Structure formats: structure tokens, C-alpha cells
Amino acid sequence: MKALILKSGLYLLLTLVALEGYVRVFHLTKDYPSRYVDVKGVEKWRPNQSGFSVTGNRRQNFSEYHINSSGFNSYREFEPTQDAVELALVGDSFIEGFHQNYYNSIGHKIETHLPDVNVYEFGYAGYDFADELHLVHAYKDLFDNIDYVFLGLKFENDLYRDAYHVLQERMKLESPLYKNLRKIKILTYAQSIGLLDPIRNAISHILNLSAKKTTSTTTQHKQHIEAEAHAKYIENFKTLITRYGYDKDRFILVLDTAKTPQIFLNYLKRYNFDYVDVSEDLKASKRPTTLIYDMHWNNHGRNIVAKCIVSYYNNNFTKK
């Protein structure tokens, strides 16, 4: 019996070592760049890192990223001047673009249509509107030299708070524990393809057994809760632009009006906030515009978004 247990343990260990080697050799899991909070209190990636982002259980998406000296995924450095025309794209993972090779980003696509324009991409996974405006405010001298700033905004996700603060749940990923766990590639691969989800869900269920939830399912009640949330998000929007500043002559929102409540669109129109609407062009596409395993834009979707921004620029700024 003892020999059986020892042999089983040895076989298990050898199997795990073989699987670890297999995942590493065929690069089935992504590299994790390090993040930090800089001297201006901005959370971003540590400068000058490179690696590969892998998504899907069969390496369905494999792309290269490059973090520049400013701490953002980009094929260029951010060196705005008074002489050139520059655009900034500020946003979350959709702008960050880890799902696409860094040299084929939305910014690069825009530049192919606007060869006299330089595009700087300030994208970071998880950024909300508070993160974005705080970044622009913290690096005011840099952004003052950029002609136009396009700010990504998802109404339902990006207006939960009315002031910026570092989110510790993201920064805890830089703790020694998480860093060491990420070195075990078979573990990160298992997590990425969902093998650990049942365990995580079971633990979450046990922890929430004592939580009593009493929610109404009536349509009227849902509408009331939704209206309160929308009003709160609009108030947060107002507070953020007052707190960090918002230049209506240079700042343009990028949003999907199909996913934005009419009350907020009415507010933007009433107070002359310009925005690029990507919804109609994405909806009109006969080909898929998102990846098959999540809702990030695929290459075709990114082409459409880039063309929307180019069209807006040509219609509004080329005559200035």
C-alpha cells in the first residue's frame, strides 16, 4: 500500500511537471506585466516591459504587448510637441489593446488614415472615468500639448465613484503571493480556461450562505432602482469633471449610444459635451466585431472604431 501511494505521488508529480513544461513550451498562458502607482498617484504598468497576451483555452488569441516608457501599451513613445497634431486615446482594456499586437493597435489604425497625426494610447485594464480624468489632470503639462483627447466611457461601468483613489483590489495582484502563484504556469492556465471556477464559486457560495437577500422582482421596482442608479452616475460625472477639469474644446467622449441611457445622452447634448458614437457602425457590420470568448473588439471591430474616430476628426477638426 505504501509503495502504491509513493508511486502514485511520483506519477502525479511527473505529470504536473510535464504539463508545466507543455504550457511553457507552447506558450498557452499569458505573461503578466507588473503594475505600480507612480509618483503622481497614477496606477499603470511599469515602463519598458514586453510579453505576450494569451486568451482562450486553445490559445485562441495570441498577441504581443509592449509597455513604453510612460507605462502604457504602445508602439510609440509619448512626445507631444507644439508643431505636430496629436490625439490621445484614454480608456480601459478596450484602448489598452492586449488582445491585439501592439503594433496593430487602434491608434496605429487611426494613423494609417491620418498620416499627419500622432496618436498616443493611454489604456489600462480596469480604468473608469475617475481613473481617466485623474490621469489627464495629474499629467496636465503633457496633455496640454496634445491637441485632442478622446475618453472612453461606458455609462454602466465607469461612473460608480466621484473621485479617484487607488483600487487596492488591483494592486494586491502585485503582492509576493500573487506574483509567485503566477510563476506556476499550469496554475495560471487552469485559471484562464475556467478549471478553477467551480472551486471559486463553491467558496463564494459558502461565504454567502448567511447573507439574506430580499429583492423585489417587480418591473416597477427595477425601473426605480435603475433610475436612481442613472441619476447617481450623472451626479458622479458632474463631480468628476468639476474636480479634475474638462476642456470641452479638446475632450471628446467615445461611447456606444445603444448601451447608454437616453437621460445621459440628453444631458450630454444639453450641456454641449461632444462624443463619438460607435454603436451604429458596429451594429451595421455583417461580420462579428468582438472576440468569440469575451466582448472585447476583435481586429474588425477595432477597424470600425478607428474609422469612427477618423470620421469624427475629419468632420470636426480638419478645417480648424
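All values reported here derive from a predicted model rather than from experimental measurement.

### Some thoughts on the pattern of salt bridges
Consideration 1: For the coordinates displayed, the defined rule picks out 13 salt bridges.
Consideration 2: In this structure, Glu111 engages Arg76 in a salt bridge whose closest nitrogen and oxygen atoms are separated by 3.1 Å. Highlighted residues: Glu111 in helix α3 (residues 106–113) and Arg76 in the loop between β4 (61–67) and β5 (85–91), separated in sequence by 35 residues.
Consideration 3: Put simply, Lys238 and Glu235 hold a salt bridge, and the shortest N to O gap is 3.2 Å. Of the two residues, Lys238 and Glu235 are both situated in helix α11 (residues 219–244); the distance of three residues between them amounts to about one turn of the helix.

### Description of the side chain of Thr260
Consideration 1: Structurally, Thr260 is set in the loop between β8 (251–255) and α12 (262–270).
Consideration 2: Residue classification places Thr260 among the buried positions, given a relative accessible area of 10%.
Consideration 3: The contact partners of Thr260, leaving out residues within four places of it in the chain, are Phe155, Leu255 and Leu265.

### Concerning unusual backbone geometry
Consideration 1: The backbone of Asn48 shows a phi angle near 60 degrees, a positive value even though the residue is not glycine.
Consideration 2: Mapped onto the fold, Asn48 is located in the loop between β2 (43–45) and β3 (49–55).
Consideration 3: Look at Asn48 and you get exposed, because its relative accessible area is 56%.
Consideration 4: For Asn272, which is not a glycine, the phi torsion comes out positive at approximately 60 degrees.

### Here we look at the nonpolar core
Consideration 1: Ranked by size, the top nonpolar core spans 43 residues in total, and within it Phe122, Phe129, Phe143, Leu151, Phe237, Tyr246 and Leu253 carry the most contacts.
Consideration 2: Listed by contribution, the elements that provide at least two residues to this core are β4, β5, β6 (117–123), α4 (129–138), β7 (148–152), α11, β8 and α12.
Consideration 3: Contact partners of Leu253, with chain neighbours within four places excluded, come to Phe129, Leu151, Leu153, Phe237, Tyr246, Leu268, Asp274, Tyr275 and Val276.
Consideration 4: Of all hydrophobic cores here, the second largest spans 26 residues; its members include Leu87, Ile110, Val119 and Leu282.

### Thoughts on the side chain of Asp158
Consideration 1: Secondary-structure assignment places Asp158 in helix α6 (residues 155–158).
Consideration 2: Buried charge without a partner: Asp158 forms no salt bridge, and the closest opposite charge is Lys154, 5.1 Å away.
Consideration 3: Of the polar contacts made by the side chain of Asp158, one reaches the backbone nitrogen of Lys154; its length is 2.8 Å.
Consideration 4: In contact with Asp158, not counting residues within four places along its chain, are Tyr127, Asp128, Phe129, Ala130, Gly152 and Leu153.

### As for a nonpolar patch on the surface
Consideration 1: Together, Leu10, Tyr11, Leu13, Leu14 and Val17 give the surface a local cluster of nonpolar side chains, amounting to about 520 Å² of exposed area.
Consideration 2: Note that Leu14 resides in helix α1 (residues 2–25).
Consideration 3: Accessibility expressed as a relative area gives 48% for Leu14, which makes it partly exposed.

### Some thoughts on the packing of aromatic side chains
Consideration 1: A complete count under the given rule lists 29 aromatic pairs for this structure.
Consideration 2: Aromatic side chains Tyr102 and Tyr103 sit 5.2 Å apart centroid to centroid with 75 degrees between the ring planes, which places their arrangement in the edge-to-face category.
Consideration 3: The buried category is assigned to Tyr102, whose relative accessible area is 19%.
Consideration 4: Taking the centre distance of 5.2 Å and the plane angle of 80 degrees together, the rings of Phe237 and Phe264 count as edge-to-face. Taken as a pair, Phe237 in helix α11 and Phe264 in helix α12 lie far apart in primary sequence, 27 residues in all.
Consideration 5: We classify Phe237 as buried; its relative accessible area is 0%.
Consideration 6: Through a chain of ring-to-ring contacts, three or more aromatic side chains come together here, namely Phe129, Phe155, Tyr160, Tyr233, Phe237, Tyr246, Phe251, Phe264, Tyr267, Tyr271 and Phe273.
Consideration 7: Sitting above the plane of the Tyr139 ring, Lys40 keeps its charged end 5.4 Å from the centroid.
Consideration 8: Above the plane of the ring of Phe273 lies Lys248, whose end atom (NZ or CZ) is 4.4 Å from the centre.

Scoring rules and cut-offs
Residues numbered from 1 in each chain as written. Predicted model: local features only at pLDDT ≥ 70, side-chain atom pairs only at ≥ 80, totals over all residues. Heavy atoms only, no water. Salt bridge = Lys/Arg side-chain N within 4 Å of Asp/Glu carboxyl O. Helix = DSSP H or I, 4+ residues; strand = E, 2+ residues; numbered from the N terminus. Buried < 20%, exposed > 50% of the residue type's maximum accessible area, 1.4 Å probe, protein only. Contact = heavy atoms within 4.5 Å. Core = buried A, V, L, I, M, F, W, Y, C linked by side-chain atoms within 4.5 Å. Lys, Arg positive; Asp, Glu negative; His and termini not counted. Polar contact = N/O pair within 3.5 Å; in protein donor to acceptor, adjacent residues only side chain to side chain. Patch = residues over 30% accessible without salt bridge, like charges linked within 9 Å, V, L, I, M, F, W, Y side chains within 5 Å. Areas by Shrake-Rupley, 256 points an atom, 1.4 Å probe, with all protein chains shown as cover. Phe/Tyr/Trp six-rings, centres within 6.5 Å; stacked < 30°, edge-to-face > 60°. Lys NZ or Arg CZ within 6 Å of the ring centre and 35° of its normal.

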